[in-house]
Every structure is written in C-alpha cells, then in structure tokens.
Amino acid sequence: SRAMLQATVKLCCGIAHDHLRRLPGLKITAVAAIQKDVRGLVVRGSRGSPSKISHYIQRLMGKETATCPEPDGDVSPSRFSSVDLSYISQGETALQRALSILQQHTSWQAETLLDAGAAVSSAALPGLGKVFRAEVVLAVPVAQLHRELFERIEQMPQWNPTLSRVKVLQRVGTDTLVTHEVTAPSPGNLVGQRDFVSVRHCGRRETAIYLVGTATHVEPLPLQEGCIRAESRLSCIVLQPLAGDPGRTRLTWLLSMDLKASATMFLGGWIPASVINRVLPQSQADFIKHLRRHLSAATCP
C-alpha cells in the first residue's frame, strides 16, 4: 500500500539521515536510487502516481536535511543525468577513501624535506600501494586556495610549468568537475609526457575543504598525441585554516598514481619502481614550490 511505502521510505531516510546530511553527493544519488525503485513499485501495482511519490520523497528529504542547506540550494536529482550522478558518486567515494586514510594511525616515512615548514612522506596502503603525503603551511586563507586549485583549475598551467594544459570537460553542479590534464614535455623527465582524465570533487567538513580526484572514463575519450594515458588512483588536497590564524592555511596532499610506466622504455628496460617513487614526491615538492611563488606574486603590489 502507499501508506506502507511511505513509512518504509521515511524509515530508510531516517536511518541514512546523519550520513546523507553530511554527504551532498551521496544524498543526491540516494534520492535518485530511491525514486527509481519507487517508480518500479508504482508500475507493478501501486495506485499512487510516480510524480506524487517522487515529490513526496524529495519533500521528505528536503525536510530531513533542512538544517544543512546545499551550496547550490538544489538537491533535486532531476538536475542531473545518470552519468552526472556517477561522477558525483565517484567523487564522494574518493573523498570517503581519503578521509579513511587521514583518520588512520599510519606510520609515514619521510621522503623529501622541502624546508622547515614543508615535508613529503609516504606509506604503503592496501589497495593503493605507495601513497605520498605532502604537508605545508601557506600564508593565504583557505578560500583563496580553493579558488586557485579548484575554481580556476584551467589557469593552473599559467603558474605551474609542469602542466601544459588543463581543460574542464564537464561541470556537475558546483562541486564536481571532469578534467583532462596534460603534463608538459621536459628533456630531463625520465617518465615522459602523460595525460589524465579525472573526476575532481570538492567536499567540506566543518572548517576544512577537501579537493579530491580520481581517474574516470568519458565519452568521447580525449586524445593527446605523444602522451601516455596515466591514472590518478587517489588525490586529496586538504585545506584547513591554521588554528588561531585564519589568514594562513595548512595544506595536506595525499597522492597515489599509476603512471603506466611499463609503456615506456628506460635504459633498455622498464622504468623501475624506485624511479617512479622518486618522481611522485618530487612532483609534489615542485607543485608546492610553484604554488608558493604564484601566491607570493599575486599578493605583491
């Protein structure tokens, strides 16, 4: 009966309330999935119309989550296609994986000391292999870094010479992007030029902003002549205001990548893991160096 259906939906929404309230992407996906199942029940014999039950679910979810409004003010799944929802889901899954790593009591081994306030370390983690973690404090607020690293991502090659191109292929709402990035050719680069197709997603927890990325598939697949398609297993940049000084930001960057090194010859053989494991922490160090220089130039008159 419709009453039983409504009671079941309300129970499910209530159970999921705490998680859905904090995870906007998952909330959208959950509403869409519930709507799909309900439509199936309606077709199989319920007297209620799909539109009325769909509206009831959206109204119920809106009421349950009224204390935590979305940045764009609209959680209606009708705004997004199934492909859009899959990108949001991929982003949220990557975010949850990163949060899990950040909350673990992992033993990190020092890789590269950038300066007194910045360092790169690594740890071997199940399912990801070697993960690198960069930490630095930057003399700018969180909002400015969010703009530079997410909202203005296509301008990144202007200040980061290790990239030749970043293109946003698709924007899904305000917090999810699909991007194509191409590294810059470099004579001294043992690994060679790479390109990446990624989902990038912005999540928020209290005062922190999480910028996550992971490899994805798009149609049509962008092609880049002379590049090898590599994959980001997981990237997560955490931006937190420094305690007692909101004008400064603690940046923590988790990075795990598959550079597809087996496709490149190195001294007559495949590139050894030891070389790859030097390239990734160095790339993090270089990125932070270029970011610092760019931020310094932007704040100088």
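Each chain has its residues counted from 1, following the order in which its sequence is written. Restriction of local features to residues with pLDDT of at least 70 applies here, the model being predicted, together with a cutoff of 80 or more for giving and counting side-chain atom pairs; totals for whole chains, interfaces and linings are based on all residues. The side-chain numbers reported here are obtained from all heavy atoms of the structure, hydrogens and water having been left aside.

(A) View of the overall build of the protein chain. Summing up its helical and strand segments, the protein chain has six helices and 12 strands in all. Scored against the burial criterion, the 301 residues of the protein chain give a buried share of 45%. Contact definition: two residues touch when any of their heavy atoms are within 4.5 Å. For the protein chain, the share of sequence-separated contacts (at least 6 apart) that also reach a separation of at least 24 residues comes to 59%. Counting only carbon and sulfur atoms, one obtains 55% of the accessible surface of the protein chain, whose full area is about 15,600 Å². Strands here mean DSSP runs of E at least two residues long; helices mean DSSP runs of H or I at least four residues long; both are numbered from the N terminus. Here the term buried applies to any residue with accessible area under 20% of the maximum for its type, exposed to any over 50%, and partly exposed to those in between, with areas from a 1.4 Å probe on protein chains only. Accessible surface is estimated by sampling points in the Shrake-Rupley manner with a 1.4 Å probe; for residues, cover comes only from the protein chains shown.

(B) Inspection of the environment of Gly127 at higher detail. Structurally, Gly127 is set in the loop between β2 (118-125) and β3 (129-138). Here Gly127 falls in the exposed class, since its relative accessible area comes to 68%.

(C) Molecular detail of helix α6 (residues 273-299). The end-to-end C-alpha distance of α6, which contains 27 residues, comes to 40 Å, matching closely the 39 Å that a straight helix rising 1.5 Å per residue would cover. Taken as a whole, α6 has its buried residues at Val275, Ile276, Leu280, Pro281, Gln284, Ala285, Phe287, Ile288, His290, Leu291, His294 and Leu295. A helix is expected to span 1.5 Å multiplied by its residue count minus one.

(D) Examining the pairing of strand β10 (residues 245-258) more closely. The pairing of β3 with β10 spans seven bridges and is classified as antiparallel. Looking at β10, one finds that Arg133 is bridged to Leu254. Inspection of the sheet shows strand β9 (residues 231-242) paired to β10 by 11 bridges, in the antiparallel sense. Pairing of Leu242 across the sheet is with Asp245, part of β10. Strand pairing requires that DSSP identify at least two bridges connecting the strands. A loop of two residues connects β9 with β10, the two strands running antiparallel in sequence, and Gly244 in this loop sits at a positive phi of about 80°.

(E) Quick peek at helix α5 (residues 142-151). Most of α5 sits out of view: seven of its 10 residues are buried. Among the residues making up α5, those that are buried are Val142, Gln144, Leu145, His146, Glu148, Leu149 and Phe150.

(F) Geometry of the nonpolar core. Leu149, Leu251 and Leu291 are the most contacted members of the largest nonpolar core, which has 37 residues in total. Element by element, the count of residues in this core is highest for α6, at six residues. Among all residues touching Leu149, those that are not within four sequence positions of it are Met156, Trp159, Leu211, Ile237, Leu251, Phe287 and Leu291. Judged by nonpolar contacts, the second largest core, of 17 residues, contains Ala98, Trp108, Leu128 and Cys236. We call a set of buried residues a nonpolar core when its members are Ala, Val, Leu, Ile, Met, Phe, Trp, Tyr or Cys and they connect through side-chain atoms within 4.5 Å of each other.

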